[in-house]
Amino acid sequence: MPGRTHRTLRGLMVTGLLTGLTAVAAPALPAAAQVPSATAQSPGSLPFAGADFGKAGPYEVSVGIEVVHTFYYPKNMGQSGERHPVVIWGNGTGAVPGVYSGLLRHLASHGFIVAAANTVTSNFAISMRAGIDVLERRNADSHSVFHQKVDLEHIGSAGHSQGGAAALNAAIDPRVDTAVPIQPGPIADADNMDEPVFYLAGEDDLIVWPILVKAFYNDSDHVPAVYGEVRGAGHLSSIADGGAFRAPVTAWLRYWLMGDEDARGLFFGPGCGYCLESALWSDWKANARAQQIPGA
């Protein structure tokens, strides 16, 4: 992995960082990044979501606002005996989950239980990781609406801006299986996590420049990593319902946490769907470990 010193000077050492991905023989995938089985989350009991991941999923959504977390979850959880994967969410600086309500509701409509930390300073992911603890307790509590309906074996971390850095920081938790940092802030260390990661940047983001997100991507050569730069997107283009970020975020989480084969084909293989979508992406990269993952 690249040395730790350059991360401190990330903004000044762009050239060195951009040459970080050289053509080398890729070793085997780490254990935490093994390709999920199509049956990992009993997809036969999960309603079919279709291949358009920007559209609402098959579940109606409930929202529970509490002191530390806001929970977005399917209204009829476990209606077919299924358990629901978890997404822990981190907000941008000064923001609360309601700023991203459309996106978080969307994820819940696709079958996820979203534990969104209410904190406006999410960087170190303390409240995000605590969301897993809460769901562990409620999954075991026979009086809870979540009782025996939470899939604690499939957990992802995601967030925007400061919360994007928090998504990386949360991924040091061994319970987390994948991370989706959206336009992530700088206070994180990709070397500390060992899960597949999908970095999202905005072409016209003047707050978190794409070059800074690429630096994180370059520093993630030890795990399967994908970088997507949304054409024409600014720093706030991913708030509310997620805009053009919504579908790829949903698809990545559905693949890694639900084993969705339609989603796999968008990211992996020589003819992957997103690889060819030049109208959506101003830049798209997949590192050597990500290229080891077969397409659908």
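Report on the accompanying structure. (Residues numbered from 1 in each chain as written. Predicted model: local features only at pLDDT ≥ 70, side-chain atom pairs only at ≥ 80, totals over all residues. Heavy atoms only, no water.)

**Looking at the packing of helix H3 (residues 101-109) against helix H7 (residues 246-258)**
Contact pair H3 / H7: the axes reach a minimum separation of 11 Å and the direction vectors enclose 35 degrees. Judged by the sense of rotation from one axis to the other, the crossing of H3 with H7 is right-handed. The segment H3 lies against H7, with Leu-103, His-106 and Leu-107 engaging Arg-246, Val-249, Thr-250 and Leu-253. Looking at the contact of H3 with H7, its residues break down into 4 nonpolar, 2 polar and 1 charged. (Axes fitted to C-alpha atoms, helices over the stretch in contact; angles between N-to-C directions. Helix = DSSP H or I, 4+ residues; strand = E, 2+ residues; numbered from the N terminus. Left-handed = near helix turned anticlockwise from the far one by under 90°. Contact = heavy atoms within 4.5 Å. Nonpolar A, V, L, I, M, F, W, Y, C, P; charged D, E, K, R; others polar.)

**With respect to the packing of aromatic side chains**
Throughout the structure, instances matching the rule amount to 21 aromatic pairs. Ring centres 5.2 Å apart and planes at 80 degrees place the aromatic pair Phe-198 and Phe-267 in the edge-to-face group. Of the two residues, Phe-198 sits in strand S7 (residues 197-202) while Phe-267 sits in helix H8 (residues 261-267), which places them 69 residues apart along the sequence. One exposure class covers both Phe-198 and Phe-267, and it is buried. Residues Trp-256 and Phe-268 carry aromatic rings whose centres are separated by 6.2 Å and whose planes lie at 85 degrees to one another, so their mutual orientation is edge-to-face. Of the two residues, Trp-256 is situated in helix H7 and Phe-268 in the loop between H8 and strand S9 (281-286); the sequence distance between them amounts to 12 residues. What links up through ring pairs into an aromatic cluster is the set Phe-198, Trp-252, Tyr-255, Trp-256, Phe-267, Phe-268, Tyr-274, Trp-281 and Trp-284. (Phe/Tyr/Trp six-rings, centres within 6.5 Å; stacked < 30°, edge-to-face > 60°. Buried < 20%, exposed > 50% of the residue type's maximum accessible area, 1.4 Å probe, protein only.)

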